[in-house]
Amino acid sequence: MADVIAFLIEHFRDFDACPPSSDLGVLLEEAGFGDVEIGNLLMLLEALESQPKMNMSCNAGKAMRVYCQEELEALPQEVLGLLHYLEQEKAIDARQHEFVINALLFMPQEEVTVDMAKIFALLALWAHQSELPVLIGDDLMVALHGAATMH
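Please read these numbers as outputs of a predicted model, since none were measured by experiment.

## Digging into helix H6 (residues 94-105)
- The end-to-end C-alpha separation of H6 is 17 Å, in line with the 16 Å expected for twelve residues at 1.5 Å each.
- Within the span of H6, buried status applies to Arg 95, Gln 96, His 97, Phe 99, Val 100, Ile 101, Ala 103 and Leu 104.
- Where the residues of H6 are buried, they touch helix H3 (35-49), helix H4 (69-74), helix H5 (77-88) and helix H7 (114-127).
- N-cap assignment for H6: the residue whose side-chain oxygen lies 3.2 Å from the backbone N of Arg 95 is Asp 93.

## What to know about the packing of aromatic side chains
- All told, the structure shown has three aromatic pairs when counted by the stated rule.
- Ring plane angle 70° and centroid distance 5.5 Å describe the contact between Phe 7 and Phe 33, whose orientation is recorded as edge-to-face. Within this pair, whereas Phe 7 is found in helix H1 (residues 2-11), its partner Phe 33 is found in the loop between helix H2 (21-30) and H3, the two being separated by 26 residues in sequence. This pair shows no difference in class: Phe 7 is buried, exactly as Phe 33 is.

## Quick word on the environment of Leu 105
- Mapped onto the elements of the fold, Leu 105 is located in helix H6.
- What makes Leu 105 partly exposed here is its relative accessible area of 27%.
- C-alpha separation for the pair Leu 105 and Gln 51, spaced 54 residues apart in sequence, amounts to 17 Å.
- Among all residues touching Leu 105, those that are not within four sequence positions of it are Glu 71, Ala 74 and Leu 75.

## Let's talk about the packing of H5 against H6
- Viewed as axis vectors pointing N to C, H5 and H6 meet at an angle of 165°, and their least axial separation amounts to 10 Å. Accordingly, the angle class assigned to the pair H5 and H6 is roughly antiparallel. Crossing hand, H5 versus H6: right-handed. Counted together, Val 79, Leu 83 and Glu 87 of H5 and Ala 94, His 97, Val 100, Ile 101 and Leu 104 of H6 form the full contact between these two elements.
- A breakdown of the residues in the contact of H5 with H6 according to their chemical character gives six nonpolar, one polar and one charged.

## As for the nonpolar core
- The biggest cluster of nonpolar side chains holds 48 residues, and the ones touching the most others in it are Leu 8, Leu 45, Phe 99, Leu 104, Phe 120, Leu 123 and Trp 126.
- For this core, the element with the most residues is H7, which contributes eleven residues.

## Regarding H5
- The end-to-end C-alpha distance of H5 is 16 Å, a good match for the 16 Å that twelve residues give at a rise of 1.5 Å each.
- Tucked into the core, H5 has its buried residues touching H4, H6, H7 and helix H8 (134-145).
- At the C-terminal side of H5, Lys 90 shows a positive phi close to 60°.

## A word on unusual backbone geometry
- Unusually for a residue other than glycine, Lys 90 sits at a positive phi of about 60°.
- Notably, Gln 129 is not glycine yet its phi reads approximately 50°, a positive angle.
- Tracing the backbone through its elements, the reader meets Gln 129 in the loop between H7 and H8.

Parameters at a glance
- The residue numbers shown here count from 1 along each chain, following its written sequence.
- The predicted origin of the model limits local features to residues at a pLDDT of at least 70 and limits the giving and counting of side-chain atom pairs to 80 or more, whereas totals for whole chains, interfaces and linings rest on all residues.
- Calculated side-chain values reflect all of the structure's heavy atoms, with hydrogen atoms and water omitted.
- Per the convention used, a helix needs a DSSP run of H or I reaching at least four residues, while a strand needs a run of E reaching at least two, with both numbered from the N terminus.
- In this analysis, the expected span of each helix is defined as 1.5 Å times one less than the number of residues it contains.
- Throughout, exposure labels follow a simple rule: accessible area from a 1.4 Å probe, protein chains only, divided by the maximum for the residue type, with under 20% read as buried, over 50% as exposed, and the rest as partly exposed.
- We call two residues in contact whenever any of their non-hydrogen atoms come within 4.5 Å of each other.
- Each polar contact in these results corresponds to two N or O atoms within 3.5 Å; when the atoms are within protein, one needs to be able to donate a hydrogen and the other to accept it, and residues that are neighboring in sequence are counted only if both atoms are side-chain atoms.
- Note on aromatic contacts: the rings of Phe and Tyr and the six-membered ring of Trp form a pair at centre separations within 6.5 Å, being stacked when their planes are under 30 degrees apart, edge-to-face when over 60 apart, and tilted otherwise.
- Convention adopted: a line fitted to C-alpha atoms gives each axis, helices being fitted over their contacting stretch, and angles between N-to-C directions are expressed from 0 to 180 degrees.
- Note on angle classes: values under 35 degrees are labelled roughly parallel, values over 145 roughly antiparallel, values of 65 to 115 roughly perpendicular, and the remainder oblique.
- Each helix crossing is assigned a hand: it is left-handed if the near helix lies turned anticlockwise from the far helix by less than a right angle, otherwise right-handed if that turn is clockwise.
- Amino acid classes used here: Ala, Val, Leu, Ile, Met, Phe, Trp, Tyr, Cys and Pro are nonpolar; Asp, Glu, Lys and Arg are charged; the rest, including Gly, are polar.
- Only buried Ala, Val, Leu, Ile, Met, Phe, Trp, Tyr and Cys residues count toward a nonpolar core, and they belong to the same one when joined by side-chain atoms within 4.5 Å.

What follows is the structure, encoded as structure tokens:
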């Protein structure tokens, strides 16, 4: 899943630059991605596209997210900590936070990791054309490309 998301982010400057789903599916197939990966990505993009627009300014930073038992059992503490950090730093908003949680809940349990949470956060930020602090962006990008190396 990470590879197909990385391909998408690297080849299209934003969500609006993506071709329609059918054309994107063909493009991803030609790039060597499997049907399951393509289907999962298209489903995630559809979920991002159908998210309602929310005015976050009135309650930004004042709401507290309470996790249900299913979420607490499925999401490692490190993932919850990352999401809390990203929201506190205003790197992601509440709807992006919810997208990441929902995407992770549909993953096989062994694939629910901090790196996958970072990748889903990047996908949500890319889709919403969000800007974020450079250091946070660099940390999230490490999940796509591995550890940064100095030249």
